[in-house]
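# Structural overview
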Amino acid sequence: MKSLSKIRLILIIASVIIGILYATPNFFYTSKQVQSFNFLPGKKINLGLDLQGGSYLLLKADMNVVFAEKLDSVLSDIRSLLRKSKIGYKKLSIQNDIISFQKRGASSNEKIRSIIFSLDKNLIVENKLDSFFIRFSEQNKNNITKSTMAQAIEIVRRRIDETGTNEPSIQQQGDDRIIVQLPGLDDPSRIKKLLGKTAKLTFQLAHPSIFPEDLDEDSKAPPGFIKLQEDKNPDRFYMINKRVMVSGEMLKDASPTFDRNNSPSVSFQLSALGGKKFGRVTGKNIGRAFAIVLDGKVVSAPVIQTQIFSTGQITGSFTVQETNDLALVLRSGALPAPMVILEERSVGPGLGKDSISAGKIASIFGLIAVMVFMLLTYGMFGIFANIALVCNIIFIIALLSMIQATLTLPGIAGIVLTMGMAVDANVLIFERIKEEFNSGRNILDAIEAGFQRAISTIIDANLTTLFAALALFSFGSGPIKGFSVTLMIGIVTSMFTAIVITKYIVFLYSKKKDFNSVYLQD
Amino acid sequence: MKLLRLVPNNTNFDFLRIKVIAFLFSFIILSASFMSLIVNNLNYGIDFNGGILLELRSKKPNSSNINQLREKISTLNAGEVSIQNFGKETDFLVRIQKQEGDQKEQIAMIEKVKSLIEKDYTVRRSEFVGPVVGDELKTAGIYAVSLALISIMIYIWFRFEWQFSIAAILALIHDVLTTVGLFSILKLEFNLATIAAILTTAGYSINDTVVIFDRVRENLRRYKSKTHYFIYNKSINETLSRTVITSVTTLLALFIIFFFGGAVLSDFALAMIWGVIIGTFSSIFVAVSLLTYFNINKGEKVDDRTNVPEYEREN
């Protein structure tokens, strides 16, 4: 019989051995114990956050803020280009994400358009008579989003790394989202706080003659100035020069410290370029106040006593924790866009452990129940089906380890469910063999025909189930994806074990002289 | 050894004779599902509605009291709050509706609750889903279920005849709708795991249907002189033993998840237990019964010789 070829036997044994090798590390609890088995090829299956405990955050970059900022800088570029080309203009402003202005004088519209396009050829420029309207194209927005996200992920990673969290995973999802996974961290409130600040730091001069005492909510800013709130005291306002002296990008280092009055503060060090610039401006403005502005709010506004070069201190009414966090976010750089938390899921270690043990118990009981039932129903053939079932479970675990899939609690349920469903292929085969045998065939023919007929049914039935699992995979996030992966793997391995392993064992058994057909009779 | 026999051999039940009763039953559970969906709607979990969920465990096992917890949390004025026991007496599930205002206030509410109950309870799990994500997940869920149904329909269409594909898909929709209905009637929380359960159920049910259809197709070729009615009944009877045995092993596994898999998985297992039962029912009484309304071609005569061995041919 063809099915009993040596090659087939070798393939079966080889696949089972490989399966066992890959599956074994999972049965040792700690990774330390796994290390002493490092002659084995595989790694353990990753446990999902719902099993090992940890936090999942879904962040969204608020791109509208970034678009507005970028449009603002396009506006100032246009202004300086028009000036340079000596083209008159009026009413240059931004409304509803559109820059508009009217030309004055006789410059040709074509010339103005080409000047604007020299900035960025992807901009959309429309003009009616003397009015020009400029906005971002989708291409512009995509480019901005792409570069913003690349930078944002880098900054998020730096900030999280600085907290010393173990093996964080930070990935982009979709266009403007970031998934942060923090295994082992069940209270992400500090991380959330750190990611909640964009940490845009700037040093700007204060207005020489308008002081906080003169300002209230309704005060208007003179041209070139902007009214900003104080960080800790929302009722206090400052009139700040729009021009930035030094910005956060010029920081080389920042660390928490204490000032002369022994209150917590942050000391910083500027880069060579930043120090030079800062020195020049502070040298010229001794006696005036400058504001330390963080995320659009004034942290403090000290008076410049002497020329300052590369080092300084930021004081405010901080707590020690706040100076730690501020230093950290300054060191890691500003986020290019504000981050909004869309979704948060945290699982404590206790629940994770309970889930693992519930999963273990369910798996073991499930396995025993199905095996006992199969033995009672099919006798010797039941034993064959059980051998196939055990191989099947080994294969599932091995494959999950090989592809380094993430095992979640629903995933464990998927394995237990597969145990129930996996025997189906064997049931189909045995029932068919029985039928063939009882319709008058001899035993070998019955087995041959039984397999042949059952296999087409098995493939049809399992492929349709696979479609449902694939739909689940495409939809799923986190735990659900884990469930669909185990389900898919289970479908494939159960087909393999039934069609290859069970078949081989049954053929081997049927060749024995003392073959007992009692299990097949009606 | 005496083997277990769940189904006697060579059964010859006239399943199709009771198809009217079966349709009536389907009609009743479908109407009940619709009625409940209209009256009760679904008890959407935070996955779909947005909001906050906390799983708490009392630090003092003996004095844990749900009313105390309720009173405490009501001081936060967080809007609609639901608190229930979860699995154990010391464990509670707290659900808080989405808060007014922007995302920051939602996140702040978690911290408020945490610091309020910190002394007496450990937080075993905390989840927050923003309304944007909730709506997206809803769309994605509907999309996934439709995608599964359509791809299954197309596959069956290719492998069988179009009549089979219509019967199978109606049976599947029947299963999906009544499972959703069950969640509405029992007011169980409808969440991501429920979608997973529904799709798995759909996978199981279609598996069952395909096995019977496969036999129908084979018998259509084999017994050309017999009526469709006879062939359908015979096909169900021939596969009955397999149908029952597979249902039993799957249900065994599911009941074990239900009882031992922990509180998180119990609703999930319940949905699938229902799904396996209704899926088995629908394969026989919906899918095959529907086939009787089509006049399916029994294939060309030429197929006869190749498909059926001589001694098995009846005519």
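What you see is a predicted model; the values in this text were computed from it and never measured. (Residues numbered from 1 in each chain as written. Chains lettered and ligands numbered in written order. Predicted model: local features only at pLDDT ≥ 70, side-chain atom pairs only at ≥ 80, totals over all residues.)

## Details of the overall build of chain B
Across its full length, chain B holds 10 helices and six strands. For 315 residues, the compact-globule formula gives about 20 Å, and the C-alpha radius of gyration of chain B, at 25 Å, lies well above that figure. For chain B, the spread of C-alpha atoms along the three principal axes comes to 80 × 50 × 30 Å. Classification of the 315 residues of chain B by burial places 47% in the buried group. Within chain B, residue pairs in contact and separated by at least 24 positions form 76% of the contacts whose partners lie at least 6 positions apart. (Helix = DSSP H or I, 4+ residues; strand = E, 2+ residues; numbered from the N terminus. Rg over C-alpha atoms; globule rule 2.2 N^0.38 Å. Buried ≥ 20, exposed ≤ 12 C-beta atoms within 10 Å, placed from the backbone. Contact = placed C-beta atoms within 7 Å.)

## Some remarks on the environment of A:Glu217
When you line up the elements, A:Glu217 lands in the loop between strand 9 (201-206) and strand 10 (225-229). C-alpha separation for the pair A:Glu217 and A:Ile292, spaced 75 residues apart in sequence, amounts to 20 Å.

## What about the environment of B:Phe258?
Residue and element names in this part refer to chain B. Relative to the helices and strands, Phe258 is located in helix 8 (residues 228-260). A residue is classified by how many C-beta atoms lie within 10 Å of it, and Phe258, with 18 of them, is partly exposed. Phe258 sits 10 residues away from Phe268 along the chain, and the two C-alpha atoms are 8.0 Å apart. Excluding anything up to four places from it in sequence, Phe258 contacts Ser266, Ala269, Leu270 and Ile273.

## A few points about the domain arrangement of chain B
Looking at the assigned domains, one finds that chain B contains domain 1 (15-42 + 134-312) and domain 2 (51-129). Spacing between the C-alpha centres of domain 1 of chain B and domain 2 of chain B amounts to 40 Å. (Domains from an automatic or database assignment.)

## A few points about the sheet that holds strand 11 (residues 237-247) of chain A
Hydrogen bonding along the main chain pairs the strands of a sheet, whether they run parallel or antiparallel. All names here are of chain A. The sheet built from five strands is open, its strands ordered 10-11-9-14-15 with antiparallel pairing. The open sheet has two edge strands with one neighbour each: strand 10 and strand 15 (297-300). Ignoring which end each strand starts from, the neighbouring axes of this sheet average 55° apart. As defined by bridge partners, strand 14 (residues 290-294) adjoins strand 15 across three bridges and the pair is classed as antiparallel. Bridging from a neighbouring strand, Ile292 pairs with Ser300 of strand 15. Sitting on the sheet, helix 8 (residues 272-284) is in contact with strand 9 and strand 11, with an inclination near 135° to strand 11. (Pairing = 2+ DSSP bridges. Axes fitted to C-alpha atoms, helices over the stretch in contact; angles between N-to-C directions.)

## With respect to the packing of helix 1 (residues 19-39) of chain B against helix 6 (residues 162-185) of chain B
Residue and element names in this part refer to chain B. Put simply, helix 1 and helix 6 touch, their axes get as near as 8 Å, and they point 50° apart. As the angle between them shows, helix 1 and helix 6 are arranged oblique. In the crossing of helix 1 with helix 6, the sense of the turn from one axis to the other is left-handed. Between helix 1 and helix 6, the residues in contact are Ser26, Ile29, Leu30, Ala32, Ser33, Ser36 and Leu37 and His174, Leu177, Thr178, Val180, Gly181, Ser184 and Ile185, respectively. (Parallel < 35°, antiparallel > 145°, perpendicular 65-115°, else oblique. Left-handed = near helix turned anticlockwise from the far one by under 90°.)

## Examining helix 9 (residues 263-291) of chain B
Residues and elements named next belong to chain B. In a regular helix each residue adds 1.5 Å, so 29 residues correspond to 42 Å; helix 9 covers 41 Å between its end C-alpha atoms and thus fits that length. Its maximal kink placed at Ser282, helix 9 deviates by approximately 40°. Among the 29 residues in helix 9, 25 count as buried, and that is most of the element. (Expected span 1.5 Å × (residues − 1). Bend = angle between axes of the 7 residues up to and from the residue.)

## Brief notes about unusual backbone geometry
All names here are of chain A. Look at Lys86: it is not a glycine, yet its phi comes out positive at around 55°. Within the secondary structure, Lys86 sits in the loop between helix 4 (63-84) and strand 3 (88-95). Residue class for Lys86 comes out exposed when judged on the 8 C-beta atoms lying within 10 Å of it. Even without glycine at this site, Gln404 takes up a positive phi of about 50°. Positionally, Gln404 belongs in the loop between helix 11 (380-402) and strand 18 (406-407). For Gln404, a count of 11 C-beta atoms within 10 Å corresponds to the exposed category.

## Quick look at the pairing of strand 5 (residues 121-129) of chain B
Buried residues dominate strand 5 of chain B, accounting for eight of its nine residues. Where strand 17 (residues 339-347) of chain A meets strand 5 of chain B, five bridges bridge the pair, whose relative direction is antiparallel. Residue pairing for strand 5 of chain B: A:Arg345 is matched across the bridge by B:Glu127. Relative to strand 5 of chain B, strand 2 (residues 51-58) of chain B runs antiparallel, the two being bridged by eight bridges. Paired with B:Gly51 across the bridge in strand 5 of chain B is B:Val129.

## Re the confidence of the model for chain B
Chain-level statistics for chain B give a pLDDT mean of 84 and a share of 92% at 70 or above. This model gives residues 301-305 of chain B a pLDDT under 50, and the stretch forms two contacts once residues within four places in sequence are excluded. (pLDDT = per-residue confidence, 0-100.)

## Looking at the interface of chain B and chain A
Contacts between the two partners involve 65 residues from chain B and, on the opposite side, 63 residues from chain A. Going through the elements one at a time, helix 4 (103-117), strand 5, helix 5 (131-159), helix 7 (192-222), helix 8 and helix 9 of chain B are the ones with two or more residues in the side of chain B that touches chain A. Examining the composition of the side of chain B that touches chain A, we find that 14 residues originate from one element, helix 8 of chain B, more than from any other. Of the residues that constitute the side of chain B that touches chain A, the class distribution is 38 nonpolar, 17 polar and 10 charged. (Nonpolar A, V, L, I, M, F, W, Y, C, P; charged D, E, K, R; others polar.)

## As for helix 6 (residues 138-162) of chain A
Residue and element names in this part refer to chain A. Compared with an ideal rise of 1.5 Å per residue, which puts 25 residues at 36 Å, helix 6 spans 36 Å between its outermost C-alpha atoms and is within 8% of the ideal. Residues Thr148, Met149, Ala152, Ile155, Val156, Arg159 and Ile160 constitute the buried set of helix 6. The inward-facing, buried residues of helix 6 contact strand 2 (54-61), helix 4, strand 7 (169-173), strand 8 (177-183), helix 7 (189-196) and helix 9 (320-332). Downstream of helix 6 by one or two residues, Gly164 has phi in the positive range, about 75°.

## Focus: the pairing of strand 12 (residues 251-258) of chain A
Residue and element names in this part refer to chain A. Sheet analysis places strand 12 next to strand 13 (residues 264-270), joined by seven bridges and oriented antiparallel. Paired with Pro256 across the bridge in strand 13 is Val266. In this structure, the hairpin formed by strand 12 and strand 13 is closed by a connection of five residues, where Asn262 is found at a positive phi of approximately 65°.

## Focus: the domain arrangement of chain A
Split by domain assignment, chain A resolves into domain 1 (2-52 + 349-519), domain 2 (63-138) and domain 3 (199-334). Placing a centre on the C-alpha atoms of domain 1 of chain A and another on those of domain 3 of chain A gives a separation of 65 Å.

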